[in-house]
Every structure is written in structure tokens, then in C-alpha cells.
Amino acid sequence: MGWFAEAFGPWYGVVYPHRDDAEARRLASTLAAWRDLAGRRHLDVGAGAARHLDALAELGVRSVGLDYSEHLLAEARRRAAPGAPWRLVRGDMRHLPFGDEAFDLVTSLFTSFGYFGPEEDGRVLAEASRVLGPGGIHVLDFLNRDRTLEHLKPETSRTSGDYRVEERRRVERGAVVKEVVVRPRTGGAALASYEERVMLYDRAELDRRLAAVGLRPRRWLGEYDGTAFDPRTSTRLIVLSEKESA
């Protein structure tokens, strides 16, 4: 299937422990300040452990979370409050198992995009547009290419709970590649070793790709608190688009 089959497995929470519910609520509040979200039919593509589904549910959004990772979907079910107003579906973001115009809001959050290369990444956006009704909202939360390249650290090592996470980064064929090794905190043989690979699209390229499938960019944010995008300083590139009417 690809690198993501291992990267989004049991070690995901060790490598990314800082992605928490508070961060998800900040982004949800920012989106709600832009458009009224209450009652919208929402699809979160790459929903992971469902932290954004919970945050948006607090704002009255009715959600479906799609992910390919059985591990993360199981984690979402474990953490779900009784009667959580969302459901989960396992699937491939390149072939969404939903009908045309089934949703009013489609999100792709915390870099759940850029995994496949230019051609298939285009299919991901085309599928998102297909299932989004006219006038619907699309949110693409991606990395800031320019800042990522400027601050790329070839090697880092840090502790995460009982483990040590070692990361080596390089740029290869238009993508940032990160080699991840997880060891016991006290040292020893590797418990996991795999790569992550994400394409490096800048704002102009994302805008072009979104427009090509009928998603018209309207706003560009650089942080989860709603700060405007600055290619020099922003940690994120969050593109808010609307689906064009037929």
C-alpha cells in the first residue's frame, strides 16, 4: 500500500504525541469564525484518532471520519464518548466510498495530503470535490513548503514517554522524506524503522490544483489560531476553498 501503512500504525502516537485535542479545538474555532458550520454534513479525510471530529461535534457538525489505518480507527473508537455524533469508515482517499455531493464540508487536516505524488494527489482532490456539494467548504491543512525547506533539520533525536525517536530528513524528487527510528528510551535495538514521504507543494501549486477540480481558494491561514499565511514565517498553509456551482 505504501509507507503510510506502517507510519500510521502503533507508533504514530509515540512520534506525534503533541497533536492533541486543544490544537484541534483551536482550528475548529477558527473555521467556525469564517463560516457557520452548525448542521453541516462533514467528511474528515484522514481522520486518524478522531480528535477533529470531537472538536467539530462541539460546534454542531455531523461528521464522518475516513482513514485507511485500522490502528488509528480502533484508537478513535476507544476514545469516543458514549453517543459520539460521528461515525468512522475505513477507505482510501483516492477512491472515496461516498456518493456525489454527499457532504457540505470536507477537511484534510494535519498534512493528510501529498502522500502519493502529483498524479494521484490530484485524484485525492478530485474525489474531495466530487463528494462536496455546490457552495460547500473544503479545508486543506498542509505544511508551509518554504519554511519547511528553510528550517529542515537533517537529524534530530528526542524522548517520547518510554521511547527515543530518531529522525533523519532529506529532500528527494520534490518530497520531504523523513526516516524514523524508534528505540527504548534507555537505548538498544530499534523497535520500529520506516520512512514518511510528503510532497512539497507551495501555495501557488495548491491553488492551481484546487481550482482545477472546481475548488476555489478563498482564504489562506498560516496558524491554527487564524493568523494569515506568510510564506516566510507560517508553520502551516491552511487553504479554505468553496466548491463552485455547476
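That block above? That's the structure.
Note that residues are indexed from 1 along each chain, following the sequence as it is written. Only residues with pLDDT of 70 or above have their local features reported here, since the model is predicted, and side-chain atom pairs are shown and tallied only from 80 upward, although totals for entire chains, interfaces and linings are computed over all residues. Where side-chain values are given, they derive from all heavy atoms of the structure, hydrogens and water being excluded.

Caption draft 1: Focus on helix 5 (residues 70-79). Throughout, exposure labels follow a simple rule: accessible area from a 1.4 Å probe, protein chains only, divided by the maximum for the residue type, with under 20% read as buried, over 50% as exposed, and the rest as partly exposed. Only DSSP runs of H or I covering at least 4 residues are called helices, and only runs of E covering at least 2 are called strands; the numbering of each starts at the N terminus. Burial in helix 5 covers these residues: Leu72, Leu73 and Ala76. For helix 5, the arc enclosing every buried residue in end-on projection is 100 degrees, short of the 170-degree limit, so these residues lie on one face. On its buried face, helix 5 is in contact with helix 2 (12-15), strand 2 (62-67) and strand 3 (86-90). This arc is taken over the directions from the axis of the helix to the C-beta atoms. Residues count as neighbours in contact if any of their non-hydrogen atoms are within 4.5 Å of one another.

Caption draft 2: Local environment of the nonpolar core. Buried residues of nine kinds, namely Ala, Val, Leu, Ile, Met, Phe, Trp, Tyr and Cys, make up a nonpolar core once their side-chain atoms join them within 4.5 Å. Ranked by internal contacts, the top residues of the largest apolar core, which has 65 residues, are Leu43, Phe98, Val106, Phe113, Tyr115 and Val139. Element by element, the count of residues in this core is highest for strand 5 (residues 132-143), at six residues. Look past the residues within four positions of Phe113 in its chain and what remains in contact with it is Ser108, Asp121, Val124, Leu125, Leu140, Phe142, Val198, Tyr201 and Leu206. Counting residues in hydrophobic clusters, the runner-up holds six residues, among them Ala50, Leu73, Trp86 and Leu88.

Caption draft 3: Highlighting the side chain of Glu242. Along the chain, Glu242 falls in strand 11 (residues 236-243). Residue Glu242 is classed as buried on the basis of its relative accessible area of 17%. Within the structure, the side chain of Glu242 is placed 3.3 Å from the side chain of Arg218, a separation counted as a polar contact. Beyond its immediate sequence surroundings of up to four residues, Glu242 is in contact with Trp34, Arg35, Gly136, Gly214, Leu215, Arg216 and Arg218. Think of a polar contact as two N or O atoms within 3.5 Å of one another; within protein, one of them needs to be a possible hydrogen donor and the other a possible acceptor, and neighboring residues in sequence only count if both atoms come from side chains.

Caption draft 4: Main features of the pattern of salt bridges. Salt bridge, as applied in this entry: a Lys or Arg side-chain nitrogen positioned within 4 Å of an Asp or Glu carboxyl oxygen. With the rule as written, the count across this model stands at 32 salt bridges. Between Glu244 and Arg216 there is a salt bridge whose closest N-O contact spans 2.4 Å. Separated by 28 residues along the polypeptide, Glu244 in the segment after strand 11 and Arg216 in strand 10 (residues 215-221) bring together distant segments of the chain. Taking the relative accessible area as the measure of exposure, Glu244 reaches 32% and is therefore partly exposed. Three or more residues joined by partner-sharing salt bridges are found here, namely Arg170, Glu172, Arg173, Glu179, Glu195 and Arg197.

Caption draft 5: The sheet that holds strand 1 (residues 41-45), seen in detail. One bridge is not enough; two strands pair if DSSP finds at least two bridges between them. With mixed pairing, the seven strands of this open sheet are ordered in space as 3-2-1-4-5-11-10. Lying at the two open borders of the sheet, with one neighbouring strand each, are strand 3 and strand 10. The average undirected angle you get between the axes of adjacent strands in this sheet is 20 degrees. Bridge count for strand 1 against strand 2 is five bridges, and the pairing is parallel. To define axes, lines are fitted to C-alpha atoms, for helices over the stretch in contact only, and angles between the resulting N-to-C directions are given on a 0 to 180 degree scale.

Caption draft 6: Quick peek at the sheet that holds strand 9 (residues 192-199). Read from one edge to the other, the open sheet built from four strands follows the order 6-7-8-9, with strand pairing classed as antiparallel. The open sheet has two free edges, formed respectively by strand 6 (155-160) and strand 9, since each of these has just one partner strand. For this sheet the average axis-to-axis angle between neighbouring strands, irrespective of direction, equals 20 degrees. Relative to strand 9, strand 8 (residues 175-184) runs antiparallel, the two being bridged by eight bridges. Residue pairing for strand 9: Ala175 is matched across the bridge by Met199.

Caption draft 7: Looking closely at the environment of Lys243. If you trace the backbone, Lys243 turns up in strand 11. Measuring from C-alpha to C-alpha, the distance between Lys243 and Ala211 comes to 9.2 Å, with 32 residues separating the pair along the chain. Here Lys243 is in contact with Ser129, Leu132, Gly133, Pro134, Gly135, Gly136, Gly214 and Leu215, once residues within four sequence places are set aside. There is a polar contact of 2.7 Å between the side chain of Lys243 and the backbone oxygen of Ser129.

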